Amino acid sequence: MAEAAAAALVKVIFEKLADEAFKKYARSQNIHSELKQLGSTLSQIQALLNDASHKEITDESVRLWLNSLQHLAYDIDDVLDEVATEAMHRELTPESEASTSMVRKLIPTCCTNFSLSHRLTPKLDSITTKLQHLEKQNPGLIVKGEKPKNNNRGNETSLLESDVIGREIEKEKLLNKLLQDEPSKENFSVLPIVGMGGVGKTTLARFLYNDTQVKGRFELHAWVCVSDDFDISKITKTIFQAVSNENNKEFADLNQLQVALKEKLKDKRFLLVLDDVWHENFNDWENLVLPFHSGARGSKVIMTSRKEQLLKMLGFDNLDHLETLSSEDALSLFALHALGVDNFDSHPTLRPKGERIVEKCGRLPLALKAIGRLLRAKTDEEKWDEVLNSKIWDSKSVGDLSADWKVIFPALMLSYHELSANLKRLFAYCSLFPKDFLFDKKELVLLWLAEGFLYKSNAANSPERLGYEYFEELLSRSFFQQSPNEEPLFVMHDLMNDLATFVAGEFFSRDDNRMATEDLARYRHMSFIRDEYVAYHKFEAFKRAKGLRTLLAVYVGVEQWWDTFYLSSKILVDLLPELPLLRVLSLSRFSISEVPNSIGSLKHLRYLNLSKTDIKELPDNVGNLYNLETLIVFGCKSLTQLPKSFLKLKKLRHFDMRDTPCLKKLPLGIGELKSLQTLTKIMIEEHGGFALTELKGLKDLHGEISIKGLNKVQSSMHAREAKLSLKGINKLKLKWNDGSGRETIEKEVLSELMPCSDKLKMLEVKYYKGTEFPNWVGDPSFHQLVHVLLRGCRKCTSLPLLGRLPSLKELLIQGMDDVKIISLELSRSTDVTFPSLEILRFEDMSSWKVWSTNSEVMFPRLRELRIIKCPNLSDVSLEALPSLRVLKIEGCGESVLRSLVKAASSTTKLEIGSILGLTDEVWRGVIVNFGAVEELCIQKCDEIRYLWESDAEASKVLERKRRTRITLGAISYHLLRSCI
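Residues numbered from 1 in each chain as written. Predicted model: local features only at pLDDT ≥ 70, side-chain atom pairs only at ≥ 80, totals over all residues. Heavy atoms only, no water.

J.: Teacher, can you tell me more about the packing of helix α21 (residues 441–450) against helix α22 (residues 463–476) here?
T.: Describing two packed helices takes the angle between their axes plus the distance from one axis to the other. Remark: α21 packs on α22, axes separated minimally by 9 Å, with the N-to-C direction vectors making an angle of 120°. By the angle between their axes, α21 is oblique relative to α22. Judged by the sense of rotation from one axis to the other, the crossing of α21 with α22 is right-handed. Listed contacts from α22 to Lys441, Lys442, Leu444, Val445, Trp448 and Leu449 of α21 are Pro463, Glu464, Gly467, Tyr468, Tyr470, Phe471, Glu472 and Leu474. (Axes fitted to C-alpha atoms, helices over the stretch in contact; angles between N-to-C directions. Helix = DSSP H or I, 4+ residues; strand = E, 2+ residues; numbered from the N terminus. Parallel < 35°, antiparallel > 145°, perpendicular 65-115°, else oblique. Left-handed = near helix turned anticlockwise from the far one by under 90°. Contact = heavy atoms within 4.5 Å.)

Next comes the structure, spelled out in structure tokens:
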């Protein structure tokens, strides 16, 4: 596994050496020839690595050699980074007296003299000598040559296994699709079976292929195992032989072969299985299926694959992934292979152990079969305990356990070996995170970026975009899974986490309370669990890890805001200066009030996460972090200022300062940081402070942006120069001060701040002083807009036309004091309005009197409606709200409640509070129409004396609604007697 990571790292080093700016600086310092010689040496190493990466390394000495080589690659990269950093220092401080002598003093901090090749070549020669020695001692161990093909998958056949267990739902669903003529533009249609390696895709395909009804429906049948060798000629010939029984017929070229196949398929309904398709080239697919069009309508192609890309190109946008077996079916399958029967009736004491093994295997059929066969006919509990408690499950061992691992985790290893060297390294990095960790895609990509994993000198897209593509690739191959509870987050199966830990080897370490006894010097990346108290003695041994690049504080589960974590100040003061090569440092959520000055000495640092700490300021020497790409101070509620040296962070790409209420101003000239992509909070100032026009130069700005102090913008031209429409903003918050304003100029400013309509998902406008909104607010071209908040726009007399937004799900309108009538303002259309809206809230609308609609179909999906503190609202005329489940009315007149009785009859939760004029008579007329209510909450409605007219009626209602939950506020306790 080490050879893949080393090869990826060497590739990055080559790209750095090829950088023109780097070469220019090297020539100016008279070290160009040394770097050229170093490149030549690395070329030889790369050739050896490429060869090694194609072999199954089982010799321990070879594995150690590869590890040594990777350590050397890390050292080379660190030295080159040192040179590049010094180049940036000289560029940013031209007045400095820095000279070649300075550089020659700098480099020896990590080597004994200035010549890079003089320092590194002896090590490279030593490694090469060891390799030659290994070749002599072990002929054929590492042999130059072409990458061997993976022939194992070619042994898969269409013959049905005798042990197909479970999958009843999937079988029925797929059989129905095979046996029915579904609408299709072509004579044939594709039936995909997608899932991770070893989940049982091929087994399910075999079942379908051999089903009696299926056999009878199709005239021709063919099964092809494609694997990673998508050879059109070979696949076509296999199909031809299957449907023609002409195994010896030869063809001059592909054209003749396809013409012959076309004739064999003509007007015949065929069933073809393409098993284990890895290829993703759409043009190759189009060429392969050319003969298929001649078949009869209703022909089917079953495709099994771990990859989604080709299927998405074929129009499959929502693929159903084949999940792991149920616990019951998995246990039956395991028992069948371990005991010869599908149950534990004859060996009840083994059942608990079997259940634990099944869960450790992740209920993957391929893994279950492997372990079952390992235990075949072994019924002594000691042997089962040996497997169950094997150290391999903990993934702490490497080397000679590789073969055992492949027996236990064949499906996972199969998937891993197919990854590119880059993807292997990114996957190994995930070993730093504990099991059940919730991954945020953006955060993980920023970490990959900081580690240099996304460096590509000639890439068309940004490194971040490349990172997202890599993540999607890993996700599509089931190395990640969507978190079932946290929609935007992702998880990694425990077995995948074990695999990542295993392949990461000796370069990555996750805190497991063993660090004090280990040789930490070899580690390059470390993480530790954020405990409530983190003491210095636990980290004292880290001082030996001089080559450490990563120090991450991680946490399992969803963090709660009230959780508090304490970190010994001695760690900050004494430990950090001992780790000069750090590139990633995360101290998020610790109760840290001060950042030590030593932070400025970490000149290799790319990623610094101080989010949700108690810091008040950053030291001025933060500006010395020339390589810093990501700075996160999100949730630092005590942070008051940023240093003037901030402007020296020319490489800064992501600056997250959300939720920093005490931070009132940005450093002057921040608009000169041209690499910025993330700038979450912008504070407009007067008299030479930050101006809106500074956004003009930040062309790559995207994501979430909050702009405050818009009342200080002097001209709409300044807003136009910001060019928000050209930036990929998906969350936009615009805020004026809550005071007097200039109506005309504010409307012009808001008009010029229109963002890109294809990107925006959330819009918040606060304290806008115009009397109406510009036309872009509510324009249906904003087809991705999901959330809209309009707050404190006190001078607006009408609302924007929001009903035409196709994706709007949540709308909050608050504090719009001059709005009196809401009717045509929300739609101005007779079509379906608010087609996707689910949550609607009106609050603090002091002058609002009438709410009427003119649309025949309005709010078809509205499930929650809240009207709060709208005392003058008296006329509400809405049609039926069929999806409404939650209705809250507070601080309004009783007419609002009466008006909504019929429209809101499907409500299951009714909350009312401070309803003026809600008497017993009015209440009885209302509650009789809320027949679906299961939860009733009444607060401060003291004009109601009784919930029901009589005890008999109360008993009758409560008997009918035994599940009804009633909550009463303190002032409404007198109503309890009507419930008893």
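Following the structure, the description resumes.
J.: Sorry, what's going on with the confidence of the model for the protein here?
T.: Reading fine detail from the predicted coordinates is not recommended where pLDDT is low. Scored by pLDDT, the protein comes out at a mean of 81, with 79% of its residues at no less than 70. Segment residues 95–117 is flagged for pLDDT under 50; beyond a separation of four residues in sequence, or across chains, it makes 36 contacts in the model. Note on residues 137–152: pLDDT under 50 across the span, and 19 contacts to partners over four residues away in sequence or across chains. (pLDDT = per-residue confidence, 0-100.)

J.: Would you mind going over the pattern of salt bridges with me for this structure?
T.: A side chain of one charge can pair with a side chain of the opposite charge if their charged atoms are brought near each other. The full count for this structure, using the stated rule, is 42 salt bridges. Between arginine 606 and aspartate 81 there is a salt bridge; the shortest N-O distance is 2.6 Å. Residue arginine 606 is found in the loop between β12 (584–586) and β13 (607–609), and its partner aspartate 81 is found in helix α4 (residues 60–92); the two are separated by 525 residues along the sequence. Judged on exposure class, the residue arginine 606 and its partner aspartate 81 are both buried. Where glutamate 772 meets lysine 747, a salt bridge forms, and the shortest distance between an N and an O atom there is 2.6 Å. Pair noted here: glutamate 772 is in the loop between β20 (762–766) and β21 (787–791) and lysine 747 is in helix α26 (residues 743–752), with a separation of 25 residues, a long-range link. (Salt bridge = Lys/Arg side-chain N within 4 Å of Asp/Glu carboxyl O. Buried < 20%, exposed > 50% of the residue type's maximum accessible area, 1.4 Å probe, protein only.)

J.: How should I be thinking about the pairing of strand β22 (residues 810–814) in this particular structure?
T.: Note on strand geometry: in a regular strand, side chains alternate between the two faces of the sheet. Most of β22 is tucked away: four of the five residues are buried. Relative to β22, β21 runs parallel, the two being bridged by five bridges. Its bridge partner lying in β22, valine 788 is registered against leucine 811. In terms of strand pairing, β22 meets strand β24 (residues 839–843) through five bridges, oriented parallel. Across the sheet, residue glutamine 814 finds its bridge partner in β24, namely glutamate 843. (Pairing = 2+ DSSP bridges.)

J.: Mind showing me how you'd approach the packing of helix α7 (residues 168–179) against helix α8 (residues 201–210) here?
T.: Axis separation between α7 and α8 bottoms out at 11 Å; the angle between their running directions is 50°. Put simply, α7 runs oblique to α8. When you trace α7 past α8, the crossing you get is right-handed. Here α7 contributes Glu170, Lys171, Leu174, Leu175 and Leu178 to the contact with α8, which in turn contributes Leu204, Phe207 and Leu208.

J.: Could you clarify how one ought to interpret a positive patch on the surface in this entry?
T.: Residues Lys650, Lys674, Lys696, Lys699 and Lys723 make up a contiguous surface patch of positive charge. Checked against the element boundaries, lysine 696 lands in the loop between β17 (681–683) and β18 (702–708). (Patch = residues over 30% accessible without salt bridge, like charges linked within 9 Å, V, L, I, M, F, W, Y side chains within 5 Å. Areas by Shrake-Rupley, 256 points an atom, 1.4 Å probe, with all protein chains shown as cover. Lys, Arg positive; Asp, Glu negative; His and termini not counted. Charge placed at Lys NZ, Arg CZ, Asp CG, Glu CD.)

J.: Can you help me understand the sheet that holds strand β10 (residues 550–554) in this one?
T.: Hydrogen bonds along the backbone pair up the strands of a sheet, which may run parallel or antiparallel. Taking strand neighbours across the sheet as the criterion, the eight strands line up as β7-β8-β10-β12-β13-β14-β15-β16 in an open arrangement whose pairing is parallel. Edge positions in the sheet fall to β7 (508–510) and β16 (678–679), since each has one partner strand and no second.

J.: Please clarify how the state of the cysteines should be interpreted in this entry.
T.: Using the criterion set out here, one finds zero disulfides in the structure. Here cysteine 793 stays unpaired: no disulfide links it, and the sulfur of cysteine 796, its closest cysteine neighbor, is 5.2 Å away. (Disulfide = S-S within 2.5 Å.)

J.: What exactly am I supposed to notice about empty space enclosed by the protein here?
T.: Under the definition given, this model contains seven cavities of 30 Å³ or more. One number sums up the size of the largest cavity: a volume of about 130 Å³. For the largest cavity, the lining is made up of twelve residues, of which Val164, Ile165, Arg167, Thr203 and Pro365 are closest to its centre. Taken together, the elements giving at least two residues each to the lining of the largest cavity come down to α8 and α16 (365–374). Partitioning the lining of the largest cavity into residue classes produces seven nonpolar, two polar and three charged. (1 Å grid on protein atoms, 1.4 Å probe; cavity = no way out; pocket = protein on both sides within 12 Å on 5 of 7 lines; lining within 4 Å. Points joined across faces, edges and corners; volume = space filled by probe spheres on them. Nonpolar A, V, L, I, M, F, W, Y, C, P; charged D, E, K, R; others polar.)

J.: Before we go on, may I ask you to explain the nonpolar core in this structure?
T.: Within soluble globular proteins, side chains that are nonpolar tend to cluster in buried spots. Counting 142 residues, the largest nonpolar core has Trp851 and Ile867 as its most contacted members. Among the elements that line this core, the one with the most residues is helix α28 (residues 920–927), at four residues. If you look at the next biggest cluster of nonpolar residues, it comprises 97 residues, including Leu174, Leu331, Leu432 and Phe433. (Core = buried A, V, L, I, M, F, W, Y, C linked by side-chain atoms within 4.5 Å.)

J.: Even after reading the chapter, I still don't get the side chain of serine 611, so can you show me in this structure?
T.: When you line up the elements, serine 611 lands in the loop between β13 and β14 (630–632). By relative accessible area, which is 6% here, serine 611 ends up buried. The contact partners of serine 611, leaving out residues within four places of it in the chain, are Ser588, Arg589, Ile632, Val633, Phe634 and Cys636.

J.: Help me understand the packing of aromatic side chains, please; the structure alone is not making it clear to me.
T.: Each aromatic ring pair is characterised by the separation of its centres together with the angle its planes make. Tallied over the full model, the rule gives 31 aromatic pairs. A ring pair is formed by phenylalanine 539 and phenylalanine 542, whose centres lie 4.9 Å apart and whose planes are at 50°; its orientation type is tilted. Its relative accessible area of 2% is what places phenylalanine 539 among the buried residues. Each ring, one from tryptophan 848 and one from tryptophan 851, has its centre 5.7 Å from the other, and the planes form 50°; the classification is tilted. Taken together, the ring pairs in this structure connect Tyr429, Phe433, Phe437, Phe439, Phe453, Phe471, Phe480, Phe490 and Phe508 into an aromatic cluster. One residue, lysine 171, lies across the ring of phenylalanine 207, its end atom 4.4 Å from the ring centre. The ring of tyrosine 523 is capped by arginine 522, whose NZ or CZ atom sits 4.9 Å from the centre of that ring. (Phe/Tyr/Trp six-rings, centres within 6.5 Å; stacked < 30°, edge-to-face > 60°. Lys NZ or Arg CZ within 6 Å of the ring centre and 35° of its normal.)

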